[in-house]
Amino acid sequence: MFSVSTTTITQAQEFGFHPGDIIQEWLWDDDVDEGLRRKIEDLTGEDLVDEDYDSAVDGAIIWWRDGDDEDALADTIMDASELVDEGAPFWIITPKPGREGSTNAATLQSAAKTAGMNAATPLTVSEDWNGVRLRAFGKGAERADRMERAERDDMDLR
């Protein structure tokens, strides 16, 4: 049986984050899933940094809701990707379908493409939120795929 802290760390590892990682959070608001935020902070041992942080980061999450402009999402993805290490975990987190603020998958795909990235299939990351991992086109995407396979292999060994 897993302890609560082990389960929390395992769930946060699904994002591809690791202890010591600095994760930048974009578009935080009072509707975000604080439990999910805590899981990430517990795993990394670091507080999430906000949009004003201006040093390199090991990953990023963007909280996105319907009603926000698709072009603004593409711009936010481009801004956030400037500080993220190549191939590092990069996620858009959006309300699940049927929840207030849920967004169309085509909107996410289009904004990601405009920003030079591919959007994966949405995954459930909490009771009310889905996550979509983004990967850079081309060389960065290949490196991200290799890193993700290595992370999965490492988790399988545990």
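Further up the page is the structure itself.
Computed from a prediction, not measured in an experiment: that's the story for all the values here.

Rules used in this analysis
Residues numbered from 1 in each chain as written. Predicted model: local features only at pLDDT ≥ 70, side-chain atom pairs only at ≥ 80, totals over all residues. Heavy atoms only, no water. Helix = DSSP H or I, 4+ residues; strand = E, 2+ residues; numbered from the N terminus. Buried < 20%, exposed > 50% of the residue type's maximum accessible area, 1.4 Å probe, protein only. Contact = heavy atoms within 4.5 Å. Areas by Shrake-Rupley, 256 points an atom, 1.4 Å probe, with all protein chains shown as cover. Axes fitted to C-alpha atoms, helices over the stretch in contact; angles between N-to-C directions. Parallel < 35°, antiparallel > 145°, perpendicular 65-115°, else oblique. Left-handed = near helix turned anticlockwise from the far one by under 90°. Nonpolar A, V, L, I, M, F, W, Y, C, P; charged D, E, K, R; others polar. Patch = residues over 30% accessible without salt bridge, like charges linked within 9 Å, V, L, I, M, F, W, Y side chains within 5 Å. Salt bridge = Lys/Arg side-chain N within 4 Å of Asp/Glu carboxyl O. Lys, Arg positive; Asp, Glu negative; His and termini not counted. Charge placed at Lys NZ, Arg CZ, Asp CG, Glu CD. Phe/Tyr/Trp six-rings, centres within 6.5 Å; stacked < 30°, edge-to-face > 60°.

S.K.: When you look at the overall build of the protein in this model, what are you seeing that I'm missing?
M.R.: A tally of regular secondary structure across the protein gives five helices and six strands. Counting helices and strands in the order they occur from the N terminus, the protein gives α-β-α-β-α-β-α-β-β-β-α. Burial statistics for the protein: of 158 residues in total, 44% are counted as buried. Across the protein, the fraction of contacts at a sequence separation of at least 24, relative to all contacts at a separation of at least 6, is 72%. When the accessible area of the protein is evaluated, it comes to approximately 8700 Å², of which 47% is carbon and sulfur surface.

S.K.: Help me understand the packing of helix H3 (residues 70-81) against helix H4 (residues 105-114), please; the structure alone is not making it clear to me.
M.R.: To describe two helices that pack against each other, one gives the angle between their axes and the distance between the axes. Between H3 and H4, the shortest axis-to-axis distance is 8 Å and the interhelical angle comes to 45°. What the angle tells us is that H3 and H4 run oblique. By crossing handedness, the relation of H3 to H4 is classed as right-handed. Along the contact surface, H3 presents Glu-70, Leu-73, Ala-74 and Ile-77, while H4 presents Thr-107, Leu-108, Ser-110, Ala-111, Ala-112 and Thr-114. Its residues placed into classes, the contact of H3 with H4 shows six nonpolar, three polar and one charged.

S.K.: It is not clear to me how the side chain of Thr-103 should be interpreted in this structure. Could you clarify?
M.R.: Turning to its location among the elements, Thr-103 is positioned in the loop between strand E3 (90-95) and H4. According to the relative accessible area criterion, Thr-103 is buried, its value standing at 16%. Residues within four places of Thr-103 in sequence aside, it is in contact with Trp-64, Asp-66, Thr-94, Pro-95 and Leu-108.

S.K.: For this particular structure, what's the right way to read a negative patch on the surface?
M.R.: On the surface, Asp-50, Glu-51, Asp-52 and Asp-54 cluster together into a negatively charged patch. One can find Asp-54 in the loop between helix H2 (34-44) and strand E2 (59-63). For Asp-54, a relative accessible area of 64% corresponds to the exposed category.

S.K.: For this particular structure, what's the right way to read the packing of aromatic side chains?
M.R.: The geometry of an aromatic ring pair is captured by the separation of the ring centres together with the interplanar angle, meaning the angle of the planes. Throughout the structure, instances matching the rule amount to three aromatic pairs. Ring centres 5.6 Å apart and planes at 0° place the aromatic pair Phe-15 and Phe-17 in the stacked group. Per residue, the accessibility class of Phe-15 equals that of Phe-17, and both read buried. Centre to centre, the rings of Phe-15 and Trp-91 are 5.0 Å apart; their planes meet at 70°, and the pair counts as edge-to-face. Here Phe-15 is found in the loop between helix H1 (4-13) and strand E1 (23-26), whereas its partner Trp-91 is found in strand E3, with 76 residues between them in sequence. Chaining the aromatic ring pairs together yields one cluster made of Phe-15, Phe-17 and Trp-91.

S.K.: Help me out: how do you make sense of the pattern of salt bridges in this one?
M.R.: Here the idea is simple: oppositely charged side chains can pair when their charged atoms come close. With the rule as written, the count across this model stands at four salt bridges. Arg-37 is the salt-bridge partner of Glu-25, the closest N and O atoms lying 2.6 Å from each other. Placement of Glu-25 in strand E1 and of Arg-37 in helix H2 is noted, with a sequence separation of 12 residues between them. By relative accessible area, Arg-37 is classed as buried at 14%. We note a salt bridge from Asp-31 to Arg-65, for which the minimum N-O separation is 2.8 Å.

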